[in-house]
Amino acid sequence: MSLPATQVPGVYHRRFGDVLVTALSDGYVEMGYDIFREFSREDVDRMMARDHRISPPRISVNCFLLRGPTGTALIDCGSQDKFGPTAGKLFANLAAAGVAPAEIEHVLLTHCHPDHSCGLTDAASGRRLFPNATVIVNRKEMAHWFSDEAMARANERQRERYFGWAREQVGPYRAGHLRCAEDGDEVLPGVTLVECAGHTPGHSTYFLCSQGRRMIVWGDLAHVPEIQVARPEVSMSFDHDPDMAAASRMTLLRRIHDEGMLVAGMHIHFPGLGYLVREGTGYRVATEQWQFEIR
């Protein structure tokens, strides 16, 4: 008897009003303890063990496809080949969902870190991997990652992995295939960019409103939900402004909870959908139950 070596495709459909939201897994990345700023190894182990999670953390990477009045839009596009064999699965899962990259009309970026934007371009050839798409991104992201002055102030790793890769990936779209947006702009019908700066200078979330309901695709509001949703003040070593990131997270988590929004999270364990529940001084993500029918 031959046993399977891999899982079924990472594709999950969910209707939200008149929009079909499809979660697409890009895989996952194994991380170390040093990703946390001023948070001990013992604290990490304790909080991960509470939910029977791997420690140091394994971070899921998700992208979300929208189809409906929005057209065909993809929010974030994964990591391609930047994080090894456990990641870079977006294009395989997009194919499993029956969608060709050429069908994507818009790619909305929450920010220009490699696990969110490195699926845009083939690095070797400079070819746009979404040939018919317009990339939509916060204007502050472009101003930062394409600033030579900011790049000169960065360390060597940041220059290569953040500035270099952002320019390599977004650059081929700048001539006629890029649209910069501001905080509060309705970038597509029913989709509004809401800035949540700190993790990067232009880190953004996207609010989706349909038939009187609201959900949020929250980007990197939380990298490790078991920790940063429960302890919103805990920031990451790769936050551009850790204190601002924590303040933005606390403000937005409160709003999400108080308004009862459905959450789609890039680093919530696949399929990355759920609701916030108040727990002590923080929250937890109550993941939405899987359902067979698409409704």
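Quick caveat, the model's predicted, so the values are computed rather than measured.

Calculation rules
Residues numbered from 1 in each chain as written. Predicted model: local features only at pLDDT ≥ 70, side-chain atom pairs only at ≥ 80, totals over all residues. Heavy atoms only, no water. Pairing = 2+ DSSP bridges. Helix = DSSP H or I, 4+ residues; strand = E, 2+ residues; numbered from the N terminus. Axes fitted to C-alpha atoms, helices over the stretch in contact; angles between N-to-C directions. Contact = heavy atoms within 4.5 Å. Core = buried A, V, L, I, M, F, W, Y, C linked by side-chain atoms within 4.5 Å. Buried < 20%, exposed > 50% of the residue type's maximum accessible area, 1.4 Å probe, protein only. Phe/Tyr/Trp six-rings, centres within 6.5 Å; stacked < 30°, edge-to-face > 60°. Lys NZ or Arg CZ within 6 Å of the ring centre and 35° of its normal.

Draft legend 1. Quick look at the sheet that holds strand β10 (residues 204–210). The strand order across the open sheet formed by seven strands is β8-β9-β10-β11-β12-β13-β14, and the pairing between neighbours is mixed. Two strands bound the open sheet, and with one partner strand each, they are β8 (186–188) and β14 (282–287). Within the sheet, the average angular offset between the axes of one strand and its neighbour, ignoring direction, is 35°. Pairing between strand β11 (residues 213–217) and strand β12 (residues 262–264): three bridges, direction parallel. Each bridged residue has a counterpart across the sheet, and for Ile216 the counterpart in β12 is Val263. Docked against the sheet, helix α8 (residues 242–258) engages β10, β11, β12, β13 (273–279) and β14, running at close to 100° with respect to β13.

Draft legend 2. Examining the nonpolar core more closely. Leu74, Cys77, Ile104, Val107, Leu109, Leu120 and Phe130 are the most contacted members of the largest nonpolar core, which totals 28 residues. When residues in this core are grouped by element, the largest group, four residues, is from helix α6 (residues 156–170). In this structure, Val107 is in contact with Leu74, Cys77, Leu120, Phe130, Ala133, Thr134, Val135 and Ile136, ignoring residues within four places of it in sequence. Within the second largest apolar cluster, 24 residues are counted, among which are Ala23, Ala181, Tyr206 and Leu208.

Draft legend 3. Summary view of the packing of aromatic side chains. A complete count under the given rule lists five aromatic pairs for this structure. Measuring from ring centre to ring centre gives 6.1 Å for Phe36 and Phe39, while their planes differ by 55°; the resulting arrangement is tilted. Judged by relative accessible area, Phe39 falls into the buried class, the value being 9%. An aromatic cluster is built from Trp145, Tyr162 and Phe163, whose rings are joined through pairwise contacts. For the cation-ring pair, Arg58 lies above Tyr28, with the distance from its terminal atom to the ring centre recorded as 4.3 Å. Seen from the ring of Phe146, Arg174 lies directly overhead, with NZ or CZ sitting 4.2 Å from the centre.

Draft legend 4. Here's a closer look at the pairing of β13. Both β12 and β13 contribute to a ladder of two bridges, which runs antiparallel. Counted as the bridge partner of Ala264 is Leu273 from β13. As paired strands, β13 and β14 are joined by six bridges and run antiparallel to one another. Its bridge partner being in β14, Leu276 is matched across the sheet by Val285. The loop that links β13 with its antiparallel partner β14 comprises two residues; one of these, Gly280, has a positive phi angle of about 65°.

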